[in-house]
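The primary structure of each chain is shown beneath.
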Amino acid sequence: MFRRSGWKWRWHHPDLAFMDFSGHFGGPFSVLPWGVSTSRMQANFAAQVLRATLFAARAHAGQVRKGAAAEPYVNHVIEVAAILAEHGAPEEAILAGLLHDTVEDTETTDADLVAVFGPVIAGLVAEATDDKEKPKEIRKALQISQAPKHSEAAKQLKLADKIANLRSIADSPPANWNHARRIEYVGWAGRVAAGLKGVNPGLDALFDTTYRAALARLASEMP
Ligand code: ZN
């Protein structure tokens, strides 16, 4: 399912030279002359969002969500970024939201992200990346214990990820997940979220609403 060819070609393709815009955070913007308009900066952020979206779409090409709808995988990361943008999360969290599954689930490396998006974005993605060398149950336990230790931007990103996943578990669950497994996932997501809350009240409230809706939906579908 993962795309194993073509990545390096895309990486070195001259059309993608524009993707090196890593100076945004703490780089050129800190030395911009007075008079550079806010709209110019907003246009720059829009360009970065679209570049990160394109990067994610290419990295996740061919991958689909596990749910019955079999949506393209990239829809998930766009949803996470949209949740963050709609709730006033910082720009770096929104950009990292678009990229948050590339290192975990595609051929993309941390070094690739540093080269294209800079160390701040790459660092946030690293905070949201599980170590797949570890057994699944250990990774799930680590997500709970590590949650309170993350940066504020990463907490928001991880909370938005859990919100998107809870929606999917309720609305379009993986075909091979039985009712008990879905309930178990919702409970685990709640325990992770407990360590992520306290940064962005809007996101906290959206998680709680989504969590309760997922539990209500599952209760109504009790076998
Ligand atoms: Zn995700």
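Look up: the structure comes first, before these words.
These numbers were taken from a predicted model, which means no experiment stands behind them.

1. With respect to the overall build of the protein chain
Reasoning step 1: Looking only at helices and strands, the protein chain features 10 helices and zero strands.
Reasoning step 2: Here the protein chain, with 223 residues, has 30% of them falling under the buried criterion.
Reasoning step 3: If you take every contact in the protein chain between residues at least 6 apart in sequence, the share linking residues at least 24 apart comes to 72%.

2. Examining unusual backbone geometry
Reasoning step 1: The phi torsion at A70 lies on the positive side, around 50°, for a residue other than glycine.
Reasoning step 2: Secondary-structure assignment places A70 in the loop between helix 2 (38-59) and helix 3 (74-86).
Reasoning step 3: For A70, a count of 11 C-beta atoms within 10 Å corresponds to the exposed category.

3. Section: helix 10 (residues 201-220)
Reasoning step 1: Taking 1.5 Å as the rise per residue, helix 10 with 20 residues should run 28 Å; its terminal C-alpha atoms sit 29 Å apart, in good agreement.
Reasoning step 2: Buried residues of helix 10: L203, F207, T210 and A214, and no others. Looking straight down helix 10, one finds its buried side chains confined to an arc of 75°; they lie on one side. Exposed residues on helix 10 whose side chains face more than 90 degrees from its buried face are P201, A205, T209, A216, A219 and S220.
Reasoning step 3: Where helix 10 is buried, its residues meet helix 8 (152-171) and helix 9 (179-194).

4. Details of helix 9
Reasoning step 1: With 16 residues, helix 9 extends 23 Å from end C-alpha to end C-alpha; this agrees with the ideal 22 Å at 1.5 Å per step.
Reasoning step 2: Regarding helix 9, the residues found buried are Y185, V186, A189 and A193. Here the buried residues of helix 9 occupy an arc of 100° about the axis, which is enough to place them on one side. The outward face of helix 9, more than 90 degrees from its buried face, is lined by the exposed residues A180 and G187.
Reasoning step 3: Of the surrounding secondary structure, the elements contacted by the buried residues of helix 9 are helix 8 and helix 10.

5. Thoughts on the nonpolar core
Reasoning step 1: L84, L99, I121, L124, V125, L157 and A160 are the most contacted members of the largest nonpolar core, which has 45 residues in total.
Reasoning step 2: For this core, the secondary structure elements donating two or more residues are helix 2, helix 3, helix 4 (91-99), helix 6 (110-127), helix 8, helix 9 and helix 10.
Reasoning step 3: It is helix 8 that contributes the most residues to this core, nine residues altogether.
Reasoning step 4: In this view, L124 contacts E92, A93, A96, A153, A154 and L157; residues no more than four positions away in its chain are not counted.

6. Observations regarding the packing of helix 3 against helix 8
The packing of two helices is summarised by the inter-axis angle and the distance between the axes.
Reasoning step 1: Running from N to C, helix 3 and helix 8 cross one another at 120°; their axes reach a closest spacing of 9 Å. For the element pair helix 3 / helix 8, the angle class is oblique. In this structure, helix 3 crosses over helix 8, and the sense of that crossing is right-handed. For the pair formed by helix 3 and helix 8, the contact residues are H76, E79, V80, I83 and L84 on the first element and Q156, L157, A160, D161, I163 and A164 on the second.
Reasoning step 2: Here the contact of helix 3 with helix 8 is composed, by residue class, of seven nonpolar, two polar and two charged.

7. Some words on the packing of helix 9 against helix 10
Reasoning step 1: Look at helix 9 against helix 10: their axes get within 10 Å of each other, and the N-to-C directions meet at 160°. The pairing of helix 9 with helix 10 is recorded here as roughly antiparallel in orientation. Handedness of the helix 9/helix 10 crossing: left-handed. Residues H179, R182, I183, V186, G190 and A193 of helix 9 form the contact with helix 10, whose participating residues are F207, Y211, A214, L215 and L218.
Reasoning step 2: Broken down by class, the residue content of the contact of helix 9 with helix 10 amounts to eight nonpolar, two polar and one charged.

8. Digging into the environment of L98
Reasoning step 1: Within the secondary structure, L98 sits in helix 4.
Reasoning step 2: Along the backbone, L98 and V125 are 27 residues apart, and their C-alpha atoms lie at a distance of 9.3 Å.
Reasoning step 3: When residues no more than four places from it in sequence are discounted, the contact partners of L98 are A52, T53, A56, V77, I78 and A81.

9. Some words on the environment of I121
Reasoning step 1: For I121, the position within the fold is in helix 6.
Reasoning step 2: Through-space distance from the C-alpha of I121 to that of A93 is 7.6 Å; in sequence the pair is 28 residues apart.
Reasoning step 3: Once residues lying within four places of it in the same chain are set aside, the contact partners of I121 are E92, L95, A96, L99 and L113.

Rules used throughout
- Residues numbered from 1 in each chain as written.
- Predicted model: local features only at pLDDT ≥ 70, side-chain atom pairs only at ≥ 80, totals over all residues.
- Helix = DSSP H or I, 4+ residues; strand = E, 2+ residues; numbered from the N terminus.
- Buried ≥ 20, exposed ≤ 12 C-beta atoms within 10 Å, placed from the backbone.
- Contact = placed C-beta atoms within 7 Å.
- Expected span 1.5 Å × (residues − 1).
- Arc of directions from axis to C-beta.
- Core = buried A, V, L, I, M, F, W, Y, C linked by C-beta atoms within 7 Å.
- Axes fitted to C-alpha atoms, helices over the stretch in contact; angles between N-to-C directions.
- Parallel < 35°, antiparallel > 145°, perpendicular 65-115°, else oblique.
- Left-handed = near helix turned anticlockwise from the far one by under 90°.
- Nonpolar A, V, L, I, M, F, W, Y, C, P; charged D, E, K, R; others polar.

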